[in-house]
Amino acid sequence: MQLQGQIRKMQSFEADPVRYSLHVGDQLTPIDSPCGREIALRFSGRIECLACGKMTNKSYQQGYCFRCFQTVPECEPCSLRPDACRAHLGQFRNEEWARNRCLVDHIVYLAQSSGIKVGVTRASQAHTRWIDQGASLAVPLAQMPNRFLAGSLESALMADFADRTDWRKMLRGVEANEELLLSERRRAVQLCPAEFERYLISEDGIAPLRLRYPMASSPAKPRAITFDKEQEFCGRLAGIRGQYLVLENGDVFNMRRHGGYVVELTLD
């Protein structure tokens, strides 16, 4: 199988294990049973903005030219810092985007990927977010009516909980510990500022979502490979986790980080 075109983040489907489709060019191609398959990617030397399609020398925020990075709603500051959202004040780059992405219910959650972390995502895409982070377990903590409020609670908890994933530790594989996650959730409830207590989700009946990925083995020392340093690479897949293609030799390639890179991909 050969694919050509811009890389976009892989599409994932909740299953046991998680299922993926490659998004290269205009095609979404299911990658069933990835373990053991030979894969090769060759970079054409072109990076094309995911928004306007123009060639760019540098990719900003996983696939945009500098102009679009400054103007398109996908690159609003709140995409990285939810507490920076101003849509609830009527301040946004695109009203329709804000109504569909910011002024909707958001979940504040705890997930176990490299360790226990706090995060924010739209309620409608929580499972996709957890898969993209490579989480083995995730559980909701609170449901808020907009992105700003959710980000404000996340910020309040960041003094006690990490908000980033250590990708190397995540790919090495952390044993899922449901008891630990629920214990940390109870601690987060106790640390929740009074003004957010009404948004907390009752623990009654809550069970963490457990996710398993198509991984034959986990790399002991994962090594990131990028097209900024290498023009092409190939190898046998050990599996996929998060947005990473993992090779048997320990090399890992982050598909989302290379959004907009024009490539030729071969999969046997």
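Note that the structure is predicted; figures quoted are calculated from it, not measured.

**Some words on the nonpolar core**
Piece 1. The biggest cluster of nonpolar side chains holds 36 residues, and the ones touching the most others in it are Leu 41, Phe 227, Leu 245 and Phe 253.
Piece 2. Those elements that provide at least two residues to this core are β1 (2-13), β2 (19-24), β4 (38-47), β5 (106-112), α3 (126-132), β10 (232-241), β11 (244-247) and β13 (261-267).
Piece 3. Core analysis: the second largest hydrophobic core is formed by 21 residues, Val 118, Leu 141, Ala 150 and Cys 192 among them.

**Let's talk about the layout of surface pockets**
One way to see where empty space is left: roll a probe the size of a water molecule over the atoms.
Piece 1. If you add up the space inside the second largest pocket, you get close to 180 Å³.
Piece 2. What lines the second largest pocket is Ser 136, Val 174, Glu 175, Ala 176, Arg 210, Leu 211, Arg 212, Tyr 213, Met 215 and Arg 241.
Piece 3. Looking at the lining of the second largest pocket, its residues break down into five nonpolar, one polar and four charged.

**Considering the sheet that holds β2**
Piece 1. Strand order in the open sheet formed by nine strands is β3-β2-β1-β13-β4-β10-β11-β12-β9, with mixed pairing between adjacent strands. Here the strands that pair on one side only, and so sit at the sheet edges, are β3 (27-30) and β9 (223-224).
Piece 2. In terms of strand pairing, β10 meets β11 through four bridges, oriented antiparallel. By the bridge assignment for β11, Leu 237 is matched with Leu 247.

**What about the pairing of strand β7 (residues 137-144)?**
Both faces of the sheet carry side chains from a regular strand, because those side chains alternate between them.
Piece 1. Of all the eight residues making up β7, seven are buried; the element is thus mostly covered by neighbouring parts of the structure.
Piece 2. Examined bridge by bridge, β5 and β7 share seven bridges and lie antiparallel to one another. Bridge pairing links Ile 107 to Gln 143 in β7.

**What about the environment of Phe 253?**
Piece 1. Locating Phe 253 in the fold gives a position in strand β12 (residues 251-254).
Piece 2. Overall, the relative accessible area of 1% leaves Phe 253 in the buried class.
Piece 3. Each C-alpha atom of the pair Phe 253 and Ala 224 lies 6.0 Å from the other, and the pair is 29 residues apart in sequence.
Piece 4. In contact with Phe 253, other than residues within four places in its own chain, are Ile 7, Leu 41, Ile 225, Phe 227, Phe 233, Gln 243, Tyr 244, Leu 245 and His 258.

Calculation notes
- Residues numbered from 1 in each chain as written.
- Predicted model: local features only at pLDDT ≥ 70, side-chain atom pairs only at ≥ 80, totals over all residues.
- Heavy atoms only, no water.
- Core = buried A, V, L, I, M, F, W, Y, C linked by side-chain atoms within 4.5 Å.
- Buried < 20%, exposed > 50% of the residue type's maximum accessible area, 1.4 Å probe, protein only.
- Helix = DSSP H or I, 4+ residues; strand = E, 2+ residues; numbered from the N terminus.
- 1 Å grid on protein atoms, 1.4 Å probe; cavity = no way out; pocket = protein on both sides within 12 Å on 5 of 7 lines; lining within 4 Å.
- Points joined across faces, edges and corners; volume = space filled by probe spheres on them.
- Nonpolar A, V, L, I, M, F, W, Y, C, P; charged D, E, K, R; others polar.
- Pairing = 2+ DSSP bridges.
- Contact = heavy atoms within 4.5 Å.

Interpretation in functional terms is not warranted from these geometric data alone.
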